[in-house]
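Reading the structure
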Amino acid sequence: MTQSRAAVLLEVKEASRAFGGLKAVSEVSLHIDQGELIGLIGPNGAGKTTLFNLLTGVYPPSSGSILLNNESIGGMKPYRINHKGAARTFQNIRLFTAMTVLENVKIAFHQHARHSLFSSMLRLPKHFQGEEEITRKAMDILSIFNLADQGDEIASNLSYGNQRRLEIARALAAGPKLLLLDEPAAGMNPNETRDLMNLIAWIREEFDLTILLIEHDMSLVMGVCNRIYVLDRGILIADGTPAEIRNNPKVIEAYLGQEA
Ligand SMILES: Nc1ncnc2c1ncn2[C@@H]1O[C@H](COP(=O)(O)OP(=O)(O)OP(=O)(O)O)[C@@H](O)[C@H]1O
């Protein structure tokens, strides 16, 4: 009898992306099953963010294919990929800094709500009901991130750590199946980082998510991820459990090379 395995949510087949003569991502193949929390690590310039950019439509792959739920998404526009179920955060936080915390999350809901343009233009009762519901849902998400009491605050007034949390809250509002987090703990202190990682593990369960996480803090990645992929100079040099990755000579060499 064959062992049952979770369905594959994301499959990348020999994806490459070149910038001029530089192959930032070189024939990378990987897969992520539904429900997994996967780490993506590698030294500076390894191609991690470029791979995220391919997965979310910022750039089309130069070659290879990307399948989300068995559907080819390679080269689709970012908003379409977002609608197909992949949402992300950015290494450099990208919030609507002049808007309130609540508005930042509501916008993400609006992008996904099935409001009829007609009812919203005519401001029919249906429109207001939809608006109320979106406000309630946005506040629910903000509560999870302990940001509900700062809903009326301008986003740029939040602490750096809270801006990072707001970015994740906003990504969640899109109702993703796959959440891509690009260094979510960057700039946080160790306590904030630990809290954030616990929160990420919790939202995965609560929202039935699959998560791909870029993170430099090795102990953190090793602590929360089921499996880890390692990139170096655009090439996938290893994948395995945290224990396998920790002892992999190619990985150790890649990181030692960076320190040298
Ligand atoms: N738009 C671009 N144009 C030209 N080169 C680029 C572009 N984006 C990335 N690169 C190059 O591709 C390589 C991989 O960069 P990328 O940002 O993906 O690495 P990374 O692993 O995310 O690095 P870091 O950990 O430092 O953020 C680097 O050499 C980078 O300079």
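Check the entry above for the structure.
Note that the structure is predicted; figures quoted are calculated from it, not measured. (Residues numbered from 1 in each chain as written. Predicted model: local features only at pLDDT ≥ 70, side-chain atom pairs only at ≥ 80, totals over all residues. Heavy atoms only, no water.)

Quick notes on the sheet that holds strand β2 (residues 22-33)
Across the sheet, 4 strands lie side by side as β2-β1-β4-β5; this open sheet has antiparallel pairing. Bordering the open sheet on either side are β2 and β5 (71-72), each of which pairs with just one other strand. Pairing of strand β4 (residues 63-68) with β5 involves 2 bridges; the strand directions are antiparallel. When the sheet's bridge partners are listed, Leu-68 is paired in β5 with Glu-71. (Pairing = 2+ DSSP bridges. Helix = DSSP H or I, 4+ residues; strand = E, 2+ residues; numbered from the N terminus.)

Side note on the site of the ligand
Around the ligand, a shell composed of 14 residues is seen, among which Gly-45, Lys-48, Thr-49, Thr-50 and Tyr-59 lie nearest. In the model, an oxygen atom of the ligand is placed 2.8 Å from a nitrogen or oxygen of the Lys-48 side chain. At 3.2 Å, a side-chain N or O of Gln-91 approaches an oxygen atom of the ligand. The fraction of the free accessible surface of the ligand (630 Å²) that becomes covered by protein chains is 63%. Counting residues per element, the ones that place at least two in the shell around the ligand are β2 and α1 (48-55). (Near = heavy atom within 4 Å. Polar contact = N/O pair within 3.5 Å; in protein donor to acceptor, adjacent residues only side chain to side chain. Areas by Shrake-Rupley, 256 points an atom, 1.4 Å probe, with all protein chains shown as cover.)

Structural notes on unusual backbone geometry
Phi angles above zero are rare outside glycine, and Glu-27 is one such case at about 45°. Its identity is not glycine, yet Asp-208 carries a phi of approximately 55°, on the positive side.

Focus: the side chain of Glu-183
In this fold, Glu-183 is placed in the loop between β7 (178-182) and α7 (190-206). Despite its burial, Glu-183 pairs with no opposite charge; the closest candidate is Lys-48, at 5.7 Å N-O. A distance of 3.1 Å separates the side chain of Glu-183 from the side chain of Gln-91, its partner in a polar contact. The residues contacting Glu-183, other than those within four sequence positions of it, are Gln-91, Arg-164, Ile-214, Glu-215 and His-216. (Buried < 20%, exposed > 50% of the residue type's maximum accessible area, 1.4 Å probe, protein only. Lys, Arg positive; Asp, Glu negative; His and termini not counted. Salt bridge = Lys/Arg side-chain N within 4 Å of Asp/Glu carboxyl O. Contact = heavy atoms within 4.5 Å.)

A look at the sheet that holds strand β6 (residues 86-88)
Sheet strands line up and pair through hydrogen bonds in the backbone, either parallel or antiparallel. The sheet built from 6 strands is open, its strands ordered β6-β7-β8-β3-β9-β10 with mixed pairing. Each having just a single partner strand, β6 and β10 (235-240) make up the two edges of the open sheet. When strand polarity is set aside, the average angle formed by the axes of neighbouring strands in this sheet is 20°. Relative to strand β9 (residues 227-232), strand β3 (residues 37-41) runs parallel, the two sharing 4 bridges. Bridge pairing in β9 links Ile-41 to Val-230. Sheet contacts for α7: β3, β7 and β8 (210-214); angle to β8, the most-contacted strand, approximately 155°. (Axes fitted to C-alpha atoms, helices over the stretch in contact; angles between N-to-C directions.)

Here's the deal with the nonpolar core
One finds Phe-145, Leu-166 and Leu-179 to be the most contacted residues of the largest nonpolar core, which totals 48 residues. Sorting elements by how many residues they give to this core places helix α6 (residues 160-173) first, with 6 residues. Formed jointly, this core draws a minimum of three residues from each of two domains, domain 1 (7-85 + 176-260) and domain 2 (96-175). Leu-166 has contacts with Leu-95, Val-101, Asn-104, Val-105, Leu-142, Leu-147, Ala-155 and Leu-158, leaving out every residue within four places of it along the chain. Counting residues in hydrophobic clusters, the runner-up holds 27 residues, among them Val-28, Leu-30, Leu-54 and Ala-86. (Core = buried A, V, L, I, M, F, W, Y, C linked by side-chain atoms within 4.5 Å. Domains from an automatic or database assignment.)

Remarks on the packing of aromatic side chains
Following the criterion strictly, the structure yields 1 aromatic pair and no others. With centroids separated by 5.2 Å and ring planes inclined at 75°, the aromatic side chains of Phe-19 and Tyr-59 adopt a geometry described as edge-to-face. A residue pair is termed long-range when its members are at least 10 positions apart, and Phe-19 in strand β1 (residues 8-19) and Tyr-59 in the loop between α1 and β4 qualify at 40 residues. Given a relative accessible area of 30%, Phe-19 falls into the partly exposed group. Geometry around Phe-90 places Arg-94 over its ring, the cationic atom sitting 3.9 Å from the centre. (Phe/Tyr/Trp six-rings, centres within 6.5 Å; stacked < 30°, edge-to-face > 60°. Lys NZ or Arg CZ within 6 Å of the ring centre and 35° of its normal.)

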